[in-house]
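Results of the structural survey
Spelled out, the chains give:
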Amino acid sequence: MKADAVRGHLDGLLLAVLEPGPLHGYAIIAAVQQRSEGALQLRTGTIYPALNRLERLGLLGSSWESVGERRRRCYRLTDAGRGSLESERTAWREFTAAIGSVLNPAATAPAPRPAS
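Residues numbered from 1 in each chain as written. Predicted model: local features only at pLDDT ≥ 70, side-chain atom pairs only at ≥ 80, totals over all residues. Heavy atoms only, no water.

Under an unreviewed UniProt entry, the protein chain has the name PadR family transcriptional regulator and belongs to Streptomyces camponoticapitis.

Right, dumping it as structure tokens:
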């Protein structure tokens, strides 16, 4: 899938994969890839700036965890992040309904009226 397809939806994707619980950066990338069945492959250079921005906005919190001798930053949703995720989901439903009505007009057209 083209990188442009993710543009504008990255925040929602990141918030959604963090909904079940905290994850570190590479686990976030893997979760997006797994949920999309491989269609979405995010790069570290894409997600880390977005995670930092979401944290500055108060939508995510983070903490350092040690795994063996390695330290990694784990991200979690805040209450504000959960609210933002619901807004993202609403906006996504409205967006896909609008696009669907243009691309597949027969599927969204009202039923024809019976002849009288």
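Alright, that's what it looks like, and here's the rest.
Across its full length, the protein chain holds five helices and three strands. For the protein chain, the α and β elements follow one another from N to C terminus as α-β-α-α-β-β-α-α. Every one of the 116 residues in the protein chain was classed for burial, and the buried ones make up 28%. In the protein chain, of all internal contacts separated by at least 6 residues, the share reaching a separation of at least 24 is 44%. Carbon and sulfur atoms make up 54% of the accessible area of the protein chain, which totals about 8,100 Å². (Helix = DSSP H or I, 4+ residues; strand = E, 2+ residues; numbered from the N terminus. Buried < 20%, exposed > 50% of the residue type's maximum accessible area, 1.4 Å probe, protein only. Contact = heavy atoms within 4.5 Å. Areas by Shrake-Rupley, 256 points an atom, 1.4 Å probe, with all protein chains shown as cover.)

What follows is about the pattern of salt bridges. Considering all chains together, one arrives at three salt bridges under this definition. One salt bridge in this structure joins Arg89 and Glu19, with 2.7 Å as the shortest N-O distance. Taken together, the residues span a long stretch of sequence, with Arg89 in helix α4 (residues 79–103) and Glu19 in the loop between α1 (10–18) and β1 (23–24) at a distance of 70 residues. Look at Arg89 and you get partly exposed, because its relative accessible area is 27%. Among the ionic pairs, Glu86 bridges to Arg89, the shortest N-O distance being 3.1 Å. Taken together, the residues Glu86 and Arg89, both in helix α4 and three residues apart, mark about one turn of the helix. Each of Glu19, Glu86 and Arg89 takes part in one network of salt bridges that share partners. (Salt bridge = Lys/Arg side-chain N within 4 Å of Asp/Glu carboxyl O.)

Before going further, it helps to examine the environment of Val6. Summarising the element assignment, Val6 is placed in the segment before α1. Remark: the alpha-carbon pair of Val6 and Gln41, spanning 35 residues in sequence, is separated by 9.8 Å. In contact with Val6, other than residues within four places in its own chain, are Leu13, Leu40 and Leu42.

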